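Listed here are the chains, written in short residue letters.
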Amino acid sequence: MSFVAGRMRQANAEGGRPVRRVVKLTEFEDNALYFAAARVGMTPARFLKESALSRERGVSVSERHEMSTRLNQLNGSLAAVGNNLNQLARRANAEEAVTAEISAELTHSLAKLRATMREISGALPGLAVSPKEADAS
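Please read all numbers here as calculations on a predicted model, not as lab measurements. Here the residue numbering is sequential within each chain, running from 1 through the sequence in written order. Restriction of local features to residues with pLDDT of at least 70 applies here, the model being predicted, together with a cutoff of 80 or more for giving and counting side-chain atom pairs; totals for whole chains, interfaces and linings are based on all residues. With hydrogens and water excluded, all non-hydrogen atoms of the structure serve as input to the side-chain values.

For the rest of this paragraph, the subject is the overall build of the protein chain. Elements are defined by DSSP. Helices are runs of H or I of four residues or more, strands are runs of E of two residues or more, and each kind is numbered from the N terminus. Of regular secondary structure, the protein chain possesses five helices and zero strands. Counting only contacts in the protein chain whose residues sit at least 6 apart along the sequence, the fraction spanning at least 24 positions is 62%. Reported accessibility uses the Shrake-Rupley method at a 1.4 Å probe radius. Residues are deemed covered only where the shown protein chains occlude them. Summing over all exposed atoms, the protein chain offers an accessible surface of approximately 9700 Å²; the carbon and sulfur share of this is 55%. Residues are treated as being in contact if the distance between any of their heavy atoms lies within 4.5 Å.

Next up, the structure:
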């Protein structure tokens, strides 16, 4: 299953999805389902499937969506830290020395990098799917 932010539909499955389930809803239930799915950027069908299967994982669809969004934000943070490290390296090379200021900035950037990596490591288990689930998506 693809959990790329902004993607409403599931990735194609080899051989398609031959099993179909029919769910009968009231107008109120259908509207509630539609808006719940829209809040997390999914189609109603995908939201139903994810909600049902997420019980086994112990993580709700909205929690997975929040984690996925947070990981995308962390990815941006990592890119910013990498950019900062490149700028510091350029300055150090231009000055042909690592000044106290550059050293302090490097220490700060590395601390931020480590904190971001710890946060990513903490979020990944909640997003993980078993190989069987990955094959089914």
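A cluster of nonpolar side chains, Val23, Leu25 and Leu48, forms an exposed patch at the surface whose accessible area comes to about 240 Å². Tracing the backbone shows Val23 in the segment before α1 (27–39). Residues qualify for a patch when their relative accessible area is over 30% and they have no salt bridge, like charges being joined within 9 Å and the nonpolar side chains of Val, Leu, Ile, Met, Phe, Trp and Tyr within 5 Å. Every case where a carboxyl oxygen of Asp or Glu lies within 4 Å of a side-chain nitrogen of Lys or Arg is listed as a salt bridge.

It is worth spelling out the pattern of salt bridges at this point. Evaluated as defined, the whole model comprises two salt bridges. In this structure, Arg91 and Glu101 form a salt bridge, with 3.4 Å as the shortest nitrogen-oxygen distance. Of this pair, Arg91 sits in helix α3 (residues 61–95) while Glu101 sits in helix α4 (residues 100–127), placing them ten residues apart in sequence. Here Glu105 makes a salt bridge to Arg91, at a shortest N to O gap of 3.5 Å. On the criterion of sequence distance, the pair formed by Glu105 in helix α4 and Arg91 in helix α3 is long-range, its members being 14 residues apart. The structure contains a network of salt bridges with shared partners spanning Arg91, Glu101 and Glu105.

Before going further, it helps to spend a moment on the packing of aromatic side chains. Aromatic ring pairs are reported here in terms of the distance separating the ring centres and the angle at which the planes meet. Put simply, two rings from Phe, Tyr or Trp (the six-membered ring, in Trp's case) pair if the centres are within 6.5 Å, and we call them stacked under 30 degrees between planes, edge-to-face over 60, tilted for the rest. Scanning the model with the defined rule gives one aromatic pair in all. With 5.4 Å between their ring centres and 80° between their planes, Tyr34 and Phe35 make a pair best called edge-to-face.

Residues that lie three or four places apart on an α-helix share one face, since the helix turns once every 3.6 residues. In this model, α1 (13 residues) spans 18 Å end to end at C-alpha, consistent with the 18 Å of a helix rising 1.5 Å per residue. At the exit of α1 stands Gly41, carrying a positive phi of roughly 75°. How far a helix is expected to stretch is found by multiplying one less than its residue total by 1.5 Å.

Turning to its location among the elements, Leu106 is positioned in helix α4. Leu106 sits 25 residues away from Val81 along the chain, and the two C-alpha atoms are 9.8 Å apart. Not counting residues within four places of it along the chain, the set of residues in contact with Leu106 comprises Leu85 and Leu88.

Relative to the elements of secondary structure, Thr116 occurs in helix α4. At a separation of 2.9 Å, a polar atom in the side chain of Thr116 contacts the main-chain carbonyl oxygen of Lys112. Once residues within four sequence positions are removed from consideration, Thr116 is found in contact with Leu74, Ser77 and Leu78. The term polar contact refers here to a pair of N or O atoms within 3.5 Å; inside protein, the definition further demands a hydrogen-donor-capable atom paired with an acceptor-capable atom, and it admits residues adjacent in sequence only when both atoms are side-chain atoms.

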